[in-house]
Amino acid sequence: MNLNKQFTATAISLTVSNLAKEMMNYKKSFAFIGLITSSALALSSNPAQAFNFNTSTDLGSCSALAGPFTSSGLSSTTIKPNCKTADGFTITPNPEGKELQGKKVNDVIGVGVSGKKPVRDVVGGEIDYGESIKLTLPNPGDVLKSIGLSFLYRPGVFADQVWEAARITTNTGLEGILKVTGKDTASWSFAGGTVTNLSPSKGNGGGYYDITNPFGNARFDFLTLTPVTYNSVAYNSSANSDFALSHATATSVPEPTAIAGLGLVGGLLLATRRRKAIQS
């Protein structure tokens, strides 16, 4: 009887020991899977790409738009038909035949479209009636983390007659409007974005605003900047909005298929571990 009890106790002890070892193996497997998953996600998520005309950050072939400036506040160099920042943003003016031009107002620098033909433009260096700027993100499917728009003013400043507003439209159909609401405030129509005033919308300010997470985590390839039109009379700059682009930040995110692939690899590793445990 004592021998049977001793044998049973030994068997239970071995079983518990094997289970403990197996649990430890599973923990190691999960830790390993977590390690390769986090490493792969870190590798597949690129650091943020950014440019800023006010700080001359990563301007690449667009650097000439940041000055020097003429007595009228316009950059002495225009760029046709587009330019590319050091981090891979491409800035393109529309309509075809137009050129990009920088502008400086009260120490704030923005980029718009030149006042040259084929379409008349009474305000050089801004995106005016009938014009737009296309901003292509560095990588297809990037997420826009922030964008800065300048020279947006309230009525009575620089002869403006309207609360100036800028429309941002993505190639996926998302749209938001940034509209001045006071000397240092503005609203953003797309849910979730946060607006910060960087220079006030008054005579000694640059009407400069930053929109953080303008479209949340939505992914797209490019966006188009156009002024909001209040008056149907073409080229009436005081009765319509005009503005400029000052900065932007974007980041890449992992493809869903890549994450699914990592899950599949993890599942196969666990299945292999289980099979070996059963065989032994």
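These figures come from a predicted structure and were not determined experimentally.

Enquirer: I'm lost on the state of the cysteines in this one. Help?
Expert: Defined simply, a disulfide is a covalent bond joining two cysteines at their sulfur atoms. In the structure shown here, the tally under the stated rule is 1 disulfide. Note on cysteine connectivity: Cys62 is disulfide-linked to Cys83, with sulfurs 2.1 Å apart. Here the disulfide of Cys62 and Cys83 is right-handed, its torsion about the S-S bond being about 100 degrees. Here the residue Cys62 occupies a position in the loop between β1 (49-52) and β2 (74-79), and Cys83 occupies one in strand β3 (residues 83-84), the gap between them amounting to 21 residues.

Enquirer: What's the story with the side chain of Glu131 in this structure? I'm lost.
Expert: Mapped onto the elements, Glu131 comes out in the loop between β6 (108-113) and β7 (132-136). Using a relative accessible area of 3% as the deciding quantity, one classes Glu131 as buried. Of note is the side chain of Glu131, whose polar atom sits 3.2 Å from the side chain of Lys98.

Enquirer: Just checking my understanding: could you explain the sheet that holds β3 for this structure?
Expert: Strand pairing in a sheet takes place through backbone hydrogen bonds and is either antiparallel or parallel in direction. Reading across from one edge, β3-β4-β7-β15-β9-β10-β11 is the order of the 7 strands in this open sheet, with antiparallel pairing throughout. Each edge of the open sheet carries a strand with a single partner, namely β3 and β11 (186-188). Bridge count between strand β9 (residues 165-170) and strand β10 (residues 175-180): 5 bridges; the pairing is antiparallel. Note that in β10 the partner of Ala166 across the bridge is Leu178.

Enquirer: What am I meant to see in the confidence of the model for the protein chain here?
Expert: If pLDDT is low for a region, its predicted coordinates should not be looked at in detail. Put simply, the protein chain has an average pLDDT of 82, and 70% of its residues get 70 or more. Confidence drops under a pLDDT of 50 for residues 26-44, and excluding neighbours within four residues, the segment shows 17 contacts in the predicted structure. Here residues 258-266 is a poorly scored stretch, pLDDT under 50, and it has 6 contacts once near neighbours within four places are set aside; other chains count.

Enquirer: In this structure, what is going on with the pattern of salt bridges? I would like to understand it.
Expert: As a working rule, side chains carrying opposite charge can pair if their charged atoms are close by. Tallied over the entire structure, the rule returns 3 salt bridges. Among the ionic pairs, Lys98 bridges to Glu131, the shortest N-O distance being 3.2 Å. Of this pair, Lys98 sits in the loop between β4 (90-94) and β5 (100-105) while Glu131 sits in the loop between β6 and β7, and the two are 33 residues apart along the sequence. In this structure, Lys103 and Glu126 form a salt bridge, with 2.8 Å as the shortest nitrogen-oxygen distance. Residue Lys103 is located in strand β5, and its partner Glu126 is located in the loop between β6 and β7; the two are separated by 23 residues in the primary sequence.

How each quantity is defined
- Residues numbered from 1 in each chain as written.
- Predicted model: local features only at pLDDT ≥ 70, side-chain atom pairs only at ≥ 80, totals over all residues.
- Heavy atoms only, no water.
- Disulfide = S-S within 2.5 Å.
- Helix = DSSP H or I, 4+ residues; strand = E, 2+ residues; numbered from the N terminus.
- Buried < 20%, exposed > 50% of the residue type's maximum accessible area, 1.4 Å probe, protein only.
- Polar contact = N/O pair within 3.5 Å; in protein donor to acceptor, adjacent residues only side chain to side chain.
- Pairing = 2+ DSSP bridges.
- pLDDT = per-residue confidence, 0-100.
- Contact = heavy atoms within 4.5 Å.
- Salt bridge = Lys/Arg side-chain N within 4 Å of Asp/Glu carboxyl O.

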